Amino acid sequence: MCESPLIVKTVRDVRECVAKARADGRSVGLVPTMGALHAGHVSLIEASKQDGCYTVVSIYVNPTQFAPTEDLATYPRTLEEDVQKCRAAGVELIFAPDNSEMYPPGDQTRVCPGPLADKLCGAFRPGHFEGVCTVVAKLLQIVQPDTAYFGQKDAQQAVIIRRMVEDLRMPVWIEVCSLVRDADGLALSSRNARLRPEDRARALSLYQALCAGRKLLATGEPSMGRVIAAMRAVIAAHPEVRVDYLSLVDPETLEDVQKPHGRVMIAGAIRVGDVRLIDNMIVDLPVK
Ligand code: PAF
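Residues numbered from 1 in each chain as written. Predicted model: local features only at pLDDT ≥ 70, side-chain atom pairs only at ≥ 80, totals over all residues. Heavy atoms only, no water.

Asker: So what about the site of the ligand? Which residues, and what values?
Answerer: What surrounds the ligand is the set P32, T33, M34, N62, Q65, V135, V136, F150 and Q157. The separation between an oxygen atom of the ligand and a polar side-chain atom of Q65 is 2.6 Å. Between the ligand and Q157, the relevant distance is 2.7 Å, taken from an oxygen atom to a side-chain nitrogen or oxygen of the residue. Elements with a minimum of two residues in the shell around the ligand: β2 (28-33) and α6 (128-143). (Near = heavy atom within 4 Å. Polar contact = N/O pair within 3.5 Å; in protein donor to acceptor, adjacent residues only side chain to side chain. Helix = DSSP H or I, 4+ residues; strand = E, 2+ residues; numbered from the N terminus.)

Structure follows, in structure tokens:
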């Protein structure tokens, strides 16, 4: 009897473990992560466990989703703590491959998403979602789960992955779980670990801006320009913070909203020092 979770590094070992679980009649859930696990990841694991799945967590900092100027080298890596969190949450299998397992010698194939990947974060991180789609397609192909669990914090990622799975006719259900926040409202992110103590209030300005936007929309403010200006004003109180974007979009098409009605996603990305943070909220307005 092996201690849970089993930690494997090769595609072959994952397939063997998953095949055994399937032979035992289990359905399989995959939680893809880049490690530095927090309560948001744990909520994805819990969703998989609640669905009764044999739960596989992948821990892999995927180089192809980082531009050369981005934080691949400094992205937090905390494998030991991650294993403990997985154990406490009842994960059966951790897949922690190295680069040569995910991108074998001679590798050159990429999964290229469509225009959904050019909007919001995609406009500031060219190639990012191609890297995400490529690694997620590989992980889905390796693990072949019934369900894969993603967080709503990465709302654009979730929309693009759902599109990819539909377009490539992949036999997997994509479950998108609620965003998890700290007590003060900051959206949980592995990158929060890189914030200096003095950056916390700066980082929080994104959440506060989204709240201000939500409040204004709820009063019936008809001008998207005024809502965005009000959000920008909240962040402007922190001159050290740079805004990549603050946008009001349709949560499924990610198209800019012209007139506020129905479901609207307020989404934003900021940079605090060299830490890039994203957040979003969905508001349900009266349908006009
Ligand atoms: O959301 C993430 O942590 C990553 O983008 C993912 C889905 C694990 C792919 O590397």
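The discussion continues.
Asker: I'd like to hear about the packing of aromatic side chains, residue by residue, with values.
Answerer: Going through the model one piece at a time under the given rule, you end up with two aromatic pairs. The interplanar angle of 75° and the centroid separation of 5.8 Å between the aromatic rings of F66 and Y75 together place this pair among those described as edge-to-face. Assessed through its relative accessible area of 9%, F66 is described here as buried. (Phe/Tyr/Trp six-rings, centres within 6.5 Å; stacked < 30°, edge-to-face > 60°. Buried < 20%, exposed > 50% of the residue type's maximum accessible area, 1.4 Å probe, protein only.)

Asker: Residues and numbers for the environment of F95, please.
Answerer: With respect to the helices and strands, F95 occurs in strand β4 (residues 93-95). Excluding residues that lie within four positions of it along the chain, F95 makes contacts with V8, K9, T10, V11, V14, V57, S58, I59, M102, L139 and I142. (Contact = heavy atoms within 4.5 Å.)

Asker: Mind laying out the sheet that holds β4, listing which residues take part and the relevant values?
Answerer: Pairing in this open sheet of six strands is parallel, and the strands run β1-β4-β3-β2-β5-β6 from one edge to the other. Every other strand in the sheet has two partners, leaving β1 (6-8) and β6 (173-177) as the edge strands with one partner each. Each adjacent strand pair in this sheet contributes to an overall mean axis angle of 25°, direction not counted. For β1 and β4, the ladder comprises three bridges, and the chain directions are parallel. Of the residues in β4, the one forming a bridge with L6 is L93. Seen against the sheet, helix α1 (residues 11-23) touches β1, β2, β3 (54-59) and β4 and runs at an angle of roughly 155° to β4. On top of the sheet, α6 reaches β2, β3, β4 and β5 (147-151); it is set at about 150° to β2, its chief contact. (Pairing = 2+ DSSP bridges. Axes fitted to C-alpha atoms, helices over the stretch in contact; angles between N-to-C directions.)

Asker: Account for the pattern of salt bridges, naming residues and giving values.
Answerer: Across all of its chains, the model carries 25 salt bridges by this definition. A salt bridge links D182 to R200; the shortest N-O distance between them is 2.9 Å. In this pair, D182 is assigned in the loop between β6 and α8 (200-218) and R200 in helix α8, connecting sequence segments 18 residues apart. Residue class for R200 comes out partly exposed when judged on its relative accessible area of 28%. One salt bridge in this structure joins D244 and R271, with 2.9 Å as the shortest N-O distance. Of the two residues, D244 sits in strand β7 (residues 241-249) while R271 sits in strand β8 (residues 263-272), which places them 27 residues apart along the sequence. The class for D244 is buried, based on a relative accessible area of 11%. What makes R271 partly exposed here is its relative accessible area of 21%. Counted as one network, the salt bridges with shared partners bring together R196, E198, D199, R202 and E240. (Salt bridge = Lys/Arg side-chain N within 4 Å of Asp/Glu carboxyl O.)

Asker: I'd like to hear about the sheet that holds β8, residue by residue, with values.
Answerer: Pairing within the open sheet is antiparallel, and its three strands lie in the order β7-β8-β9. Both edges of this open sheet fall to β7 and β9 (275-284), since each of them pairs with a single strand only. Going from strand to strand, the sheet's axes swing by 10° on average, the running direction of each strand aside. Pairing of β7 with β8 involves eight bridges; the strand directions are antiparallel.

By themselves, these observations are geometric and do not establish any function.
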